[in-house]
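Coordinates in review
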Amino acid sequence: MSVNTIHNPTNNITAGCRVLHPVLEHVADECKMMLNLAAGANLLLVCGPTGVGKTTLGNYLVEIETKRHEKQMHENVGLIPAIKVEAISSGEREFAWRDLFTRILRNLEGDLQLPRSASGLLPSSDNAARPLVPRSNRLADLRAAVESSLHARGTRVVIIDEAAHIIKQTSSKYLENQINTLKSLSNECNVQWVLLGSYDLYDLVSLSGQLARRTHVTHFRRYRVSENDDIRAFLGCIRGLIADIPGLEDLNLKRWGRILMENSLGCVGTLRSILLRVRSFSNSLQMPCDSVVEHALLTHAQLERIMQEIIEGEALIRPGVERSFDFESVSSAKKNRAKKVA
């Protein structure tokens, strides 16, 4: 099974222009700890702003789990300890579990012979045949195929990228049932789910006390221009990406460091997108370097919109990552502050 690799921190960069940086390492370490301990959490929620690097984190976690089980994989060539799939926005009114189950099966089985047979498709082709089961049972057949495949492959970690789509495409009264689907699969197949998504994903914790108890929340935060350590780390990311992206080393971008950090809002994924646009524009536009960089930066309207989402999201997730020995006192203090503001 092929995975995206992240090189040693001394190199800082991958061939795919991905950088291993302190915040990514911290979040990955927290996820590893929870996955290794299996500490009563069916769901690990990793929430963060757009462009912070959640997809890179997902690929990194798959690599970590694969390396951790390397010896077992040599002994059992069918073993797949971890996979990553994306929960796409299908355009349907409700979240498309068929698509997610199919993507899981494609990662585990490749040719999908099992679900084709179960869904009434000819195993030897993509041509439809008469359904082998009642139409209402086809989703159940896909789920049964997923359960069987997870058991057969020994998969213990399933990472779902863009998992906030599960919330956005599900009616509020059915959302808890949808998440219970993942929880029951976790119980049946001894699988832990890592859900990567925007701050909207944190709404899952408020569905029920039982779900909150079985969920661990990790904040994949951005770098802040107000923190000196963050500035140094982010400037290191800029240097590393410039060195790794062909065509950028010849441009004088070092003096743009602070502006690049501010314009990317401290998100390494957004920084990477800006630098890739700089390379593209420098190759196609006959402009001085400064003009090329200005064209690649996010606009004021884009920054305002993204920053608004970040501020609201950081306020939303704060109670989910803060801990106190005296919750009642903390809760009372928050109510008093709210009264004063009012």
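Everything here concerns the structure above.
Let me begin by describing the structure that accompanies this report. Everything quoted here is computed from the prediction, not taken from an experiment.

Here's the deal with the sheet that holds strand E5 (residues 215-219)
Here we have 5 strands laid out as an open sheet, ordered E2-E3-E4-E1-E5, and parallel in their pairing. Only two strands of the sheet have a single partner each, and these edge strands are strand E2 (82-86) and E5. Taking each pair of neighbouring strands and ignoring which way they run, the sheet shows an average axis angle of 20 degrees. Taken strand by strand, helix H2 (residues 54-68) contacts strand E1 (43-47), E2, strand E3 (157-161) and strand E4 (192-197), and its axis lies near 160 degrees from that of E2.

Some remarks on helix H12 (residues 268-284)
Taking 1.5 Å as the rise per residue, H12 with 17 residues should run 24 Å; its terminal C-alpha atoms sit 25 Å apart, in good agreement. Along its buried surface, H12 packs onto helix H10 (228-244), helix H11 (257-263) and helix H13 (289-296).

Some remarks on the packing of H10 against H12
Between H10 and H12, the least distance of the axes is 11 Å, while the angle of their chain directions is 35 degrees. Here the hand of the crossing between H10 and H12 comes out right-handed. On H12, the residues touching Phe234, Cys237, Ile238, Leu241 and Ile242 of H10 are Val268, Leu271, Arg272 and Leu275. Class assignment for the residues of the contact of H10 with H12 results in 8 nonpolar, no polar and 1 charged.

Side note on the pairing of E5
Most of E5 sits inside the fold, with 4 of its 5 residues counted as buried. Bridge count between E1 and E5: 5 bridges; the pairing is parallel. Looking at E5, one finds that Leu45 is bridged to Val217.

Details of the packing of helix H4 (residues 97-109) against helix H6 (residues 138-153)
Their axes nearest at 10 Å, the elements H4 and H6 cross at an angle of 30 degrees. Comparing the axis directions of H4 and H6 gives the class roughly parallel. The two elements H4 and H6 cross, and the hand of that crossing is left-handed. On the side of H4, the interface is formed by Trp97, Arg98, Phe101, Thr102, Ile104, Leu105, Leu108 and Glu109, while H6 contributes Leu139, Leu142, Arg143, Ala145, Val146, Ser149, Leu150 and Arg153.

Some words on the packing of aromatic side chains
The final tally for this structure, using the stated rule, is 3 aromatic pairs. Taking the centre distance of 5.1 Å and the plane angle of 85 degrees together, the rings of Phe95 and Trp97 count as edge-to-face. Residue classification places Phe95 among the buried residues on the basis of a relative accessible area of 6%. A relative accessible area of 6% means that Trp97 is categorised as buried. Through a chain of ring-to-ring contacts, the aromatic side chains of Phe95, Trp97 and Phe101 assemble into a single cluster. Over the ring of Tyr223 we find Arg221, and its NZ or CZ is 5.8 Å from the ring centre.

Remarks on the environment of Val77
Positionally, Val77 belongs in the loop between helix H3 (70-75) and E2. On the basis of relative accessibility, which here comes to 80%, the residue Val77 falls in the exposed class. Put simply, Val77 and Arg153 are 76 residues apart on the chain and 9.3 Å apart in space, counted from C-alpha to C-alpha.

Overview of the nonpolar core
Counting residues in each nonpolar core, the largest one holds 47 residues, and the members touching the most others are Leu57, Val194 and Leu275. Not counting residues within four places of it along the chain, the set of residues in contact with Leu57 comprises Leu24, Val27, Ala28, Val46, Leu196 and Phe220. Among the nonpolar cores identified, the runner-up in size contains 39 residues, and Val85, Phe101, Ile167 and Cys189 belong to it.

Cut-offs applied
- Residues numbered from 1 in each chain as written.
- Predicted model: local features only at pLDDT ≥ 70, side-chain atom pairs only at ≥ 80, totals over all residues.
- Heavy atoms only, no water.
- Pairing = 2+ DSSP bridges.
- Helix = DSSP H or I, 4+ residues; strand = E, 2+ residues; numbered from the N terminus.
- Axes fitted to C-alpha atoms, helices over the stretch in contact; angles between N-to-C directions.
- Contact = heavy atoms within 4.5 Å.
- Expected span 1.5 Å × (residues − 1).
- Left-handed = near helix turned anticlockwise from the far one by under 90°.
- Nonpolar A, V, L, I, M, F, W, Y, C, P; charged D, E, K, R; others polar.
- Buried < 20%, exposed > 50% of the residue type's maximum accessible area, 1.4 Å probe, protein only.
- Parallel < 35°, antiparallel > 145°, perpendicular 65-115°, else oblique.
- Phe/Tyr/Trp six-rings, centres within 6.5 Å; stacked < 30°, edge-to-face > 60°.
- Lys NZ or Arg CZ within 6 Å of the ring centre and 35° of its normal.
- Core = buried A, V, L, I, M, F, W, Y, C linked by side-chain atoms within 4.5 Å.

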